[in-house]
Amino acid sequence: MRALVVSSVALIVGVLASGCSGDDCANGSCLSPDGGDASSDAADAGSDVVVPQNCDLGADITASPACIDDGIGVFVDATNGNDTGLGTKASPFKTIAKALGAVGAKPRIYVCAGTYAEDVSLTQTNAVGIFGGLKCADWTYDGSQPVVGKSSLALHADGVTKPIVISDVTFQAAAGANAGDSSIAALVNASTDVTLRRVKLRPGAGKDGAAGTTGANWTTVAQDDPSIAGKSASGATGGADHACSICMDSVNSTGGGGGNGGLAGATGGNNGKPNLSANAPDDGAGGASGCKAGDNGANASAATAAPGAAVVGKLTTAGWVPTPGSDGPNGGPGQGGGGGGGTNLAINSGAGAGGGCGGCGGAGGKGGGGGGASIGLAVSASKVTLVACDIVTLAGGAGGAGSSGQDGQLGGYAGTANGGCAGGVGGTGATGGAGGGGAGGSSVGVLYAGNKPAIDQATNIVVPASPATKGAGGAAGVNDGIDGVAQATFQASTN
């Protein structure tokens, strides 16, 4: 019988597959959603599509072998194809990428058994059904699945509002390559109607999260170095206040100035800063006139440890982001030493020494990175249906350990007095806060945000028995992360 030639995929199904709907419709295989007439649909299609007799585009490929035809699809053969070919049964392309660029208004790409070292990206402008399970020799259906994938994301459907069906294809994603990388076999985002039928999803393993590393907030100098030591007295003038500027985060201390001497009237020394509310004799108080020494500055208390990861991660439009541990805060500086008090025993002497600067606080430890995940299917804000699919995930990566904070710097020595009293030594800076541990990587068959995909009872999902382990905090046992999850399905956050 003569083939039927029409100028619209929507019209085709209106004639040959009326009544098909939802998940049983291949891309372009149902009436246009706006109910447009044949003439407007033909104008939209832009090229002719030839549908053979007895082809039901709304049926499973196993029930309608007549649809495996040049008239409604292009053909791909990794072994015998050539991207300079015609994309027909007799002259197939070699890559799916070439077929996506050449399919035009045809609603399907047929891919025979073989290995295809490429990823598949479907968008609204290139929404097309992909059908495997075909023998390369004669393009008949035997269930042999092509294996498709190259990177850590093998299939990505993004913003597709036309119904699409993918059947009888294995999507194999590579393992994560860098610290914290995830492997996702298929990601569907902002798409309205995607059906996976007899699709195998094989993500690789997630990569361990990176361990946090501790930087520096100060450079080692001797305690009598002029950059940190107190100012010396000169004649009857006490050593000046020393506002230090040595800490890399610009949070510094001040050594208190020494008191003036001389017969005209001696003065007491100034207090060191910041005031850490300590008690004498380590409160950084300036010495009183009459030659009382300045008190040493108070040591700063260690900074609080930062929290470890409290959730396993979030799903974004681009994929999975595991949660790292938080970075620890820098420690505060020690208090500057108090200046020594002056005396009035001589005209040109009796000045007190300035107190030394407080040491810089240590740098905070860095949080450990979250472990990468192994995810079969990730779905965000989309409608997805799984029919007789098979999903097997591997291990997620362990969470990265947070690092401990840097020790605080020793305070500076006091300057030199001139007949007056000594200044105090600056206090030691605080140890930086420990970084938190990262979350363990997750192993999830179907991870989703928004509506949960429809999963039939024939779909098989296998995940590891145990999740990946949390990263230890820089203060182990205090600010560890959390273990990952190992679940067939998991509802994820997008925040």
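Refer to the structure printed above.
Residues numbered from 1 in each chain as written. Predicted model: local features only at pLDDT ≥ 70, side-chain atom pairs only at ≥ 80, totals over all residues. Heavy atoms only, no water.

Let's talk about the sheet that holds strand 14 (residues 200–202)
Line of reasoning, step 1. If you walk across this open sheet you meet the six strands as 5-8-11-14-21-24, and the pairing is parallel. Here the strands that pair on one side only, and so sit at the sheet edges, are strand 5 (115–116) and strand 24 (460–462).
Line of reasoning, step 2. When strand 11 (residues 170–172) meets strand 14, the two strands line up parallel, connected through three bridges. Residue pairing in the sheet places Gln172 in a bridge with Arg202 of strand 14. (Pairing = 2+ DSSP bridges. Helix = DSSP H or I, 4+ residues; strand = E, 2+ residues; numbered from the N terminus.)

A look at the side chain of Thr254
Line of reasoning, step 1. The topology assignment puts Thr254 in strand 16 (residues 254–255).
Line of reasoning, step 2. Non-local contacts of Thr254, meaning those with residues more than four positions away in its chain, are made with Asp241, His242, Ala243, Gly272, Lys273 and Gly336. (Contact = heavy atoms within 4.5 Å.)

Digging into the sheet that holds strand 6 (residues 120–123)
Line of reasoning, step 1. Taken in spatial order, the six strands of this open sheet run 6-9-12-19-22-25, and their pairing is parallel. Either end of the sheet is taken by a strand with one partner, and the two such strands are strand 6 and strand 25 (486–491). Geometrically, the sheet is characterised by an average inter-axis angle of 5° between neighbouring strands, direction not taken into account.
Line of reasoning, step 2. Inspection of the sheet shows strand 12 (residues 183–189) paired to strand 19 (residues 374–380) by six bridges, in the parallel sense. Counterpart to Ala186 in the pairing with strand 19 is Leu377. (Axes fitted to C-alpha atoms, helices over the stretch in contact; angles between N-to-C directions.)

Describing the nonpolar core
Line of reasoning, step 1. In this structure, Tyr110, Leu122, Phe171 and Leu377 are the most contacted members of the largest nonpolar core, which totals 57 residues.
Line of reasoning, step 2. Considering each element in turn, this core owes the most residues, four residues, to strand 4 (residues 108–112).
Line of reasoning, step 3. Counting 15 residues, the second-largest nonpolar core is a separate cluster that includes Leu447, Ala449, Val485 and Ala492. (Core = buried A, V, L, I, M, F, W, Y, C linked by side-chain atoms within 4.5 Å. Buried < 20%, exposed > 50% of the residue type's maximum accessible area, 1.4 Å probe, protein only.)

Brief notes about the side chain of Ser253
Line of reasoning, step 1. If you trace the backbone, Ser253 turns up in the loop between strand 15 (242–243) and strand 16.
Line of reasoning, step 2. Engagement of the side chain of Ser253 in a polar contact is seen with the backbone nitrogen of Gly358, the distance being 2.8 Å. (Polar contact = N/O pair within 3.5 Å; in protein donor to acceptor, adjacent residues only side chain to side chain.)

Description of the pattern of salt bridges
Line of reasoning, step 1. On inspection of all chains with the given rule, the structure shows seven salt bridges.
Line of reasoning, step 2. Residue Asp168 pairs with Arg198 through a salt bridge whose shortest N-O separation is 2.8 Å. Separated by 30 residues along the polypeptide, Asp168 in the loop between strand 10 (164–167) and strand 11 and Arg198 in the loop between strand 13 (194–197) and strand 14 bring together distant segments of the chain. Just as Asp168 is buried, Arg198 falls in that class too.
Line of reasoning, step 3. A salt bridge links Lys366 to Asp327; its shortest N-O distance comes to 3.8 Å. A residue pair is termed long-range when its members are at least 10 positions apart, and Lys366 in the loop between strand 18 (319–322) and strand 19 and Asp327 in the loop between strand 18 and strand 19 qualify at 39 residues.
Line of reasoning, step 4. The class of Lys366 is partly exposed, set by a relative accessible area of 39%.
Line of reasoning, step 5. Members of the salt-bridge network, linked through shared partners, are Asp60, Asp168 and Arg198. (Salt bridge = Lys/Arg side-chain N within 4 Å of Asp/Glu carboxyl O.)

Focus on unusual backbone geometry
Line of reasoning, step 1. In the segment running from Lys273 into Pro274, the intervening peptide bond is cis, with an omega of 0°.
Line of reasoning, step 2. Counting through the fold element by element, Pro274 comes out in the loop between strand 16 and strand 17 (313–316).
Line of reasoning, step 3. The omega angle of the peptide bond from Ala280 to Pro281 is 10°, so this bond is cis rather than trans.
Line of reasoning, step 4. Relative to the assigned elements, Pro281 resides in the loop between strand 16 and strand 17.
Line of reasoning, step 5. Phi is positive for Ala190, close to 50°, though the residue is something other than glycine.
Line of reasoning, step 6. Looking at where Ala190 falls in the secondary structure, it is placed in the loop between strand 12 and strand 13.
Line of reasoning, step 7. Under the relative-accessibility criterion, Ala190 is labelled partly exposed at 36%.
Line of reasoning, step 8. Positioned with a positive phi, Ser277 is a non-glycine residue whose angle comes to about 55°.
Line of reasoning, step 9. Following the sequence through the fold, Ser277 ends up in the loop between strand 16 and strand 17.

Keep in mind that these numbers describe shape and distance, not what the molecule does.
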